[in-house]
Amino acid sequence: MKHELDYDVVVVGAGPAGSTTARYAAMNGADVLMIEKRQEIGSPVRCGEGIAKALLEKVDIEPNKRWIANEVLGARVISPNGSVVTLTERMAGDETGYVIYRDVFDKELAKIAAKEGVDIMLKTSAISILKENGKVTGVKAKHMGRMFDIKAKVVVGADGFESQIGRWAGINTNLKPSDVEIGFQYHMVGIDCDKDFSHFYLGSYAPGGYVWVFPKAQGEANVGIGLQLSKIKDKAAPKRYLDDFIKKHKELAKGKAIMQVAGAVSTCAPIERTVDDGIMLVGDSARQIDALTGGGIINACVAGKIAGETAAQAIKEEDVSKAFLNKYEMGWRDEMEDRLYRNWIAKEKLAELSDDTLNKLIDAISTYKVETITTLEILRAVQSKYPELVKEFEEML
Ligand SMILES: Cc1cc2nc3c(=O)[nH]c(=O)nc-3n(C[C@H](O)[C@H](O)[C@H](O)COP(=O)(O)OP(=O)(O)OC[C@H]3O[C@@H](n4cnc5c(N)ncnc54)[C@H](O)[C@@H]3O)c2cc1C
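Note that residues are indexed from 1 along each chain, following the sequence as it is written. The predicted origin of the model limits local features to residues at a pLDDT of at least 70 and limits the giving and counting of side-chain atom pairs to 80 or more, whereas totals for whole chains, interfaces and linings rest on all residues.

Check the secondary structure of the protein and you find 10 helices and 18 strands. Rg of the C-alpha trace for the protein: 21 Å, near the compact-globule value of 21 Å for 397 residues, within the 12% margin. When the backbone C-alpha atoms are referred to their principal axes, the protein occupies close to 65 × 45 × 40 Å. For the purpose of contact definition, each residue receives a C-beta atom placed from its backbone, and two residues are in contact when these atoms lie within 7 Å. In the protein, of all internal contacts separated by at least 6 residues, the share reaching a separation of at least 24 is 72%. Only DSSP runs of H or I covering at least 4 residues are called helices, and only runs of E covering at least 2 are called strands; the numbering of each starts at the N terminus. Here the radius of gyration uses the C-alpha set of atoms, whereas the globule reference equals 2.2 Å times the residue count to the power 0.38.

Attention shifts here to the packing of helix H1 (residues 16-27) against helix H2 (residues 102-115). Between H1 and H2, the least distance of the axes is 8 Å, while the angle of their chain directions is 15 degrees. Judged by the angle between their axes, H1 and H2 are roughly parallel. In the packing of H1 onto H2, the handedness of the crossing is left-handed. Facing H1, whose interface residues are Pro16, Ser19, Thr20, Ala22, Arg23 and Ala26, H2 presents Asp106, Leu109, Ala110, Ile112 and Ala113. Throughout this entry, Asp, Glu, Lys and Arg are counted as charged residues, while Ala, Val, Leu, Ile, Met, Phe, Trp, Tyr, Cys and Pro are counted as nonpolar. The remaining residues, Gly among them, count as polar. The class makeup of the residues in the contact of H1 with H2 is 7 nonpolar, 2 polar and 2 charged. To get an axis, a line is fitted to the C-alpha atoms, and for a helix only the part in contact is used. The angle between two axes follows their N-to-C directions and goes from 0 to 180 degrees. Oblique is the label for every angle not falling under 35 degrees (roughly parallel), over 145 degrees (roughly antiparallel), or within 65 to 115 degrees (roughly perpendicular). Left-handed is the label given to a crossing in which the near helix is rotated counterclockwise from the far helix by less than a right angle, and right-handed is the label when the rotation is clockwise.

Domain borders in the structure are assigned automatically or taken from a domain database. Partitioning the protein into domains gives domain 1 (6-46 + 104-175 + 271-346), domain 2 (68-99 + 176-266) and domain 3 (349-393). On a C-alpha basis, the centres of domain 1 and domain 3 stand 39 Å from each other.

This brings us to the nonpolar core. Grouped burial of nonpolar side chains is what soluble globular proteins tend to show. Note on definitions: a nonpolar core is a set of buried residues drawn from Ala, Val, Leu, Ile, Met, Phe, Trp, Tyr and Cys, linked by C-beta atoms within 7 Å. Exposure classification rests on a simple neighbour count of other C-beta atoms within 10 Å of a residue's own: a residue reaching 20 or more is buried, one at 12 or fewer is exposed, and one in between is partly exposed. C-beta atoms are placed from the backbone. In this structure, Val9, Val10, Val32, Val156, Met280 and Ala311 are the most contacted members of the largest nonpolar core, which totals 112 residues. When residues of this core are assigned to their parent elements, the largest contribution, 12 residues, is made by helix H6 (residues 297-316). In contact with valine 9, not counting residues within four places along its chain, are Ala25, Ala30, Val32, Ala152, Lys153, Val154, Val156 and Ala311.

Our next topic: the site of the ligand. Each residue receives a C-beta atom placed from its backbone. It is near a molecule or strand if this atom lies within 6 Å of it. Taken together, 41 residues form the shell around the ligand, and within it Gly13, Gly15, Gly160, Gly283 and Gly296 come nearest. Elements with a minimum of two residues in the shell around the ligand: H1, strand E3 (50-51), strand E9 (124-132), strand E12 (180-189), strand E16 (256-266) and H6. For the shell around the ligand, the per-class residue count stands at 15 nonpolar, 17 polar and 9 charged. Built from parts of two domains, the shell around the ligand gets at least three residues from each of domain 1 (6-46 + 104-175 + 271-346) and domain 2 (68-99 + 176-266).

Sheet architecture is open: 7 strands sit in the order E6-E5-E13-E14-E15-E12-E16, paired in mixed fashion. Each having just a single partner strand, strand E6 (84-88) and E16 make up the two edges of the open sheet. The sheet shows a mean angle of 20 degrees between the axes of neighbouring strands, direction not considered. Should DSSP find at least two bridges between two strands, the strands are regarded as paired. As paired strands, strand E5 (residues 74-78) and strand E13 (residues 197-201) are joined by 5 bridges and run parallel to one another. In the sheet register, alanine 75 faces E13, and the bridge partner there is serine 198. In this fold helix H4 (residues 237-248) packs onto E12, strand E14 (210-217), strand E15 (220-228) and E16, with an angle of close to 130 degrees to the strand it touches most, E15.

Moving on to the environment of isoleucine 362. For isoleucine 362, the location among the structural elements is in helix H8 (residues 355-366). For isoleucine 362 and serine 125, which are 237 residues apart along the polypeptide, the C-alpha to C-alpha distance reads 46 Å. Setting aside its immediate chain neighbours within four residues, isoleucine 362 contacts Val77, Ser79, Ser83 and Val85.

Attention now moves to the environment of methionine 121. Considering the arrangement of structural elements, one finds methionine 121 in strand E8 (residues 119-121). Using a count of 17 C-beta atoms within 10 Å as the deciding quantity, one classes methionine 121 as partly exposed. It is 38 Å that separates the C-alpha atoms of methionine 121 and isoleucine 232, two residues lying 111 residues apart in sequence. Setting aside anything within four residues of it in sequence, one finds methionine 121 in contact with Leu33, Ile35 and His143.

Packed helix pairs are specified by the crossing angle of their axes together with the interaxial distance, meaning the distance between the axes. Running from N to C, H6 and helix H7 (residues 322-350) cross one another at 155 degrees; their axes reach a closest spacing of 9 Å. Here H6 lies roughly antiparallel to H7, going by the angle between them. Handedness of the crossing formed by H6 with H7: right-handed. Note on element contacts: H7 touches H6 through Phe324, Leu325, Lys327, Tyr328, Gly331, Trp332, Glu335 and Met336, opposite Asn299, Val302, Ala303, Ile306, Ala307, Thr310 and Ala314. Residues that form the contact of H6 with H7 fall into these classes: 10 nonpolar, 3 polar and 2 charged.

With that settled, the discussion passes to the pairing of strand E10 (residues 135-143). Across 8 bridges, E9 lies against E10 in antiparallel orientation. When the bridges of E10 are listed, isoleucine 129 appears paired with valine 139. A loop of 2 residues connects E9 with E10, the two strands running antiparallel in sequence, and asparagine 133 in this loop sits at a positive phi of about 50 degrees. Bridge analysis of E10 against strand E11 (residues 146-157) gives 6 bridges, and the strand direction is antiparallel. By the bridge assignment, lysine 140 is partnered in E11 with aspartate 149.

This paragraph deals with H2. Relative to the 20 Å expected for 14 residues at 1.5 Å per residue, H2 spans 20 Å between its end C-alpha atoms, a close match to the ideal helical length. Turning to H2, its buried residues number three or more, namely Arg102, Phe105, Asp106, Glu108, Leu109, Ala110, Ile112 and Ala113. In this structure, the buried residues of H2 make contact with H1, strand E2 (32-35), strand E7 (98-100) and E8. Phi turns positive, to about 105 degrees, at glycine 117, one or two residues after H2. In this scheme, a helix's expected span is set at 1.5 Å multiplied by one less than its residue total.

Following this line, the structure appears as structure tokens:
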């Protein structure tokens, strides 16, 4: 670790976005420091721990049994009256494929970054950004009560849902209550669950969201709930709704919780801007979460790779201007903006559907072999049975 704190790149936050950005910036020649306010990377786990397999390749992450708890064949989407649609892993979005040990996974990503030469400081919080002539030139940080400046040519805000870096830099990351999902989860043991499928329960069990049961092992699962902030009246609602759901499902009610935690995700449409002179936002701080599923791990890694490569290139070319860093802005939008936008529209629709409508939708689809047909064909299938329902989705068609 250097004595003077002066780096090419400082990354704030050591989640998937931060570690991946740091890794690719260092791999491409930049001198990188990553700071993390918590004392342990990856802990506590605020996550359903589901990820898709296919996208891991995109960010050169080798599947490893150290962080894979369970491999699932697909997802079961369950309507309020119990009808089920089974989706293959490939069709089930970015939370289905592996159920992971998220704490181990995050440490693994940091380890890979460290191997590339990234310096890491734990228990170190960014408390403001440094600016010269209106341009970002680093961050002010605090470590065990001591304050100091970290100078850097590029600052990366990878500071998650509660991100302050963007706000301090004047980038608008504000969220409407209908674009925030409040989560609460248990790690449960002693339950009955089908280990081969991740389960998503829709409807009034979870207004504007869903209950998930992601199996980690035989009799063990990550069980949680996400509720739209605009649909709840008090902070205790997520726990209350989840406890009520568990009570009504005897296969879960017989189990015990060995961990509980609350958290939040953004479920907004892509934001307008994620870069400025000398600064980039990545992952949850850039609101790159899939609004339909609330999944953001893989998007954070994919965007992190582009951010890291862009940062290193900017250092080499001695140009950290907003115009240069726009390569990252365009890069991540090419990769995921259309999908994020489409899934945000779908979320807006789904959040307003009644239990009756959800029952009809899932009933209409459940008679088809979903794995072999496209989204358009699914909608046609619904149209043939309940034509009035397809009106809800005309925009998507
Ligand atoms: C309840 C819940 C369930 C979820 N389930 C899933 C799921 O099953 N699958 C999935 O793909 N996604 C899921 N997500 C979303 C997923 O967790 C995020 O998308 C992912 O963590 C994004 O990574 P990130 O690196 O951007 O942010 P984070 O992982 O949040 O990392 C940000 C890091 O920055 C640090 N930090 C913050 N401020 C500062 C500061 N000022 N100084 C220094 N460090 C700072 C934080 O301590 C943290 O370590 C879930 C989220 C929640 C809340």
